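Descriptive analysis of the structure
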Amino acid sequence: MSEPLLEVRRLNKAFGMVVTAKDMDFSLQSGVLTSIIGPNGAGKSTLINLLTGSLEPDSGEIWFEGHDITHEPIHRRVRQGLCRSFQVVNVFTNLTLFENVAIPALAVKRRTHSMLRQVMKDYEIRREVEIVLDRVGLLTQADVTAAALSHGDQRLLEVAIALAAKPRLLFLDEPTAGMNPVERTRILQNIQQLARTGGVTFVIIEHDMDIVFSLSDRVIALHRGEIIGDGSPEQIKMNPKVREVYLGEEVAV
């Protein structure tokens, strides 16, 4: 087996008496689409915040592509290829789709001083932005302001913004939240396609079990800051501890 893309070693985090990460040990392999599940308070958001740099662990280590990033700031993790999206849509609604995606594309090249209006004259940046928008199916709306998009398309734009930062590992926090069935199907198809062909490894935080089991190669189940299940969707479905604390009778086996 190849070296893991990301490795977590005995990671711990507590807020007072509330333990949100307890001796977590796991690794992520490149190209394996993984979902992280668990009831409210299981530690999903805390884990993502620890891995992406929003929180400092109390103890333990986080390694990314063979480098210890435990205490690296967010911007350095992003430049190394570790990115995320959020539960709440996080786009510049007053800018066009092109401009939204151009900002991280410039940041990767450390050219954030460049004015957006000058970007259209830069063939390299313009082409990169167009490729990213095309990958998520939004190229035809490049000149539309983000505020004019549907909720589902705003979520796709957020994925495009993350992809423009050229991630190797991308965490998506409830990417289908608030979507109607048509929007949900579209973004899931995009994620599957990107995972197969885009050179990006996806980790999804999701509550919808239909999505988790239809999309994932691997599922990690959390409960009270501990990993209680880790395996294929079929293995998680049959895991008695996971069923007891989270799945219940929602999943037929």
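Overview of the structure. Starting from 1, residues in each chain are numbered consecutively following that chain's sequence as written. Residues qualify for local features only when their pLDDT is at least 70, as the model is predicted, and side-chain atom pairs are given and counted only at 80 or more; totals for whole chains, interfaces and linings, by contrast, use all residues. Computation of side-chain values covers all heavy atoms of the structure but excludes hydrogens and water.

**Some details on the sheet that holds strand 4 (residues 59–64)**
Just so we agree on the cut-off: In short, DSSP must find at least two bridges between two strands for them to pair. The secondary structure listing takes helices from DSSP runs of H or I that are at least 4 residues long and strands from runs of E that are at least 2 residues long, numbered from the N terminus. In this description, contact between two residues means that some pair of their heavy atoms is separated by no more than 4.5 Å. Lines fitted to C-alpha atoms define the axes, with helix axes restricted to the stretch in contact, and inter-axis angles between N-to-C directions lie between 0 and 180 degrees.
Pairing within the open sheet is antiparallel, and its four strands lie in the order 2-1-4-5. Two strands bound the open sheet, and with one partner strand each, they are strand 2 (18–28) and strand 5 (67–68). Bridge analysis of strand 1 (residues 6–15) against strand 2 gives seven bridges, and the strand direction is antiparallel. Considered in strand 2, the bridge of Leu6 is made with Leu28. Contacts between helix 1 (residues 44–52) and the sheet are confined to strand 1, strand 2 and strand 4, with strand 1 contributing the most and set at about 120° to the helix.

**Focus on helix 3 (residues 97–108)**
Quick reminder of the rule: Here a helix's expected span is defined as the number of its residues, less one, multiplied by 1.5 Å. Classification of residues uses two cut-offs on accessible area relative to the type maximum, computed with a 1.4 Å probe and protein chains only: under 20% is buried, over 50% is exposed, and between them is partly exposed.
Compared with the 16 Å implied by 1.5 Å per residue over twelve residues, the 18 Å span of helix 3 between its first and last C-alpha is a close match. Looking only at helix 3, the buried set comprises Leu97, Phe98, Asn100, Val101, Ala102, Pro104, Ala105 and Leu106.

**Observations concerning the sheet that holds strand 3 (residues 34–37)**
Read across the sheet, six strands follow the order 6-7-8-3-9-10 without closing on themselves; strand pairing throughout is mixed. Unpaired on one side and paired on the other, strand 6 (82–84) and strand 10 (226–231) mark the two borders of the sheet. The average angle at which neighbouring strand axes cross in this sheet is 20°, direction not considered. Here four bridges tie strand 3 to strand 9 (residues 218–223), and the two strands are oriented parallel to one another. Residue pairing across strands places Ile37 opposite Ala221, the latter belonging to strand 9. The sheet contacts of helix 1 involve strand 3, strand 6, strand 7 (169–173), strand 8 (201–205) and strand 9, and relative to strand 6 the element is tilted by about 140°.

**Observations regarding the pairing of strand 3**
Taking every second residue as pointing to the same face, both faces of strand 3 are buried, with Thr34 and Ile36 on one and Ser35 and Ile37 on the other. Two elements, strand 3 and strand 8, share three bridges in a ladder whose sense is parallel. Across the sheet, residue Thr34 finds its bridge partner in strand 8, namely Val203.

**Topic: the pattern of salt bridges**
Quick reminder of the rule: Salt bridge, as applied in this entry: a Lys or Arg side-chain nitrogen positioned within 4 Å of an Asp or Glu carboxyl oxygen.
Tallied over the full model, the rule gives 13 salt bridges. In this structure, a network of salt bridges that share partners links the residues Glu7, Arg9 and Glu61.

**Side note on the packing of aromatic side chains**
Short version of the rule: Here a Phe, Tyr or Trp ring, Trp counted by its six-membered ring, pairs with any other such ring whose centre lies within 6.5 Å, and the pair is stacked when the planes are under 30 degrees apart, edge-to-face when over 60, and tilted otherwise. By the criterion adopted, a ring carries a charge over it if an Arg CZ or a Lys NZ lies within 6 Å of its centre and within 35 degrees of its normal.
Applying the stated criterion across every chain, the model contains zero aromatic pairs. Cation over ring: Lys13 sits above Phe15, and NZ or CZ is 5.4 Å from the ring centre. Here the basic side chain of Lys237 rests over the ring of Phe213, its NZ or CZ set 5.2 Å away from the ring centre.

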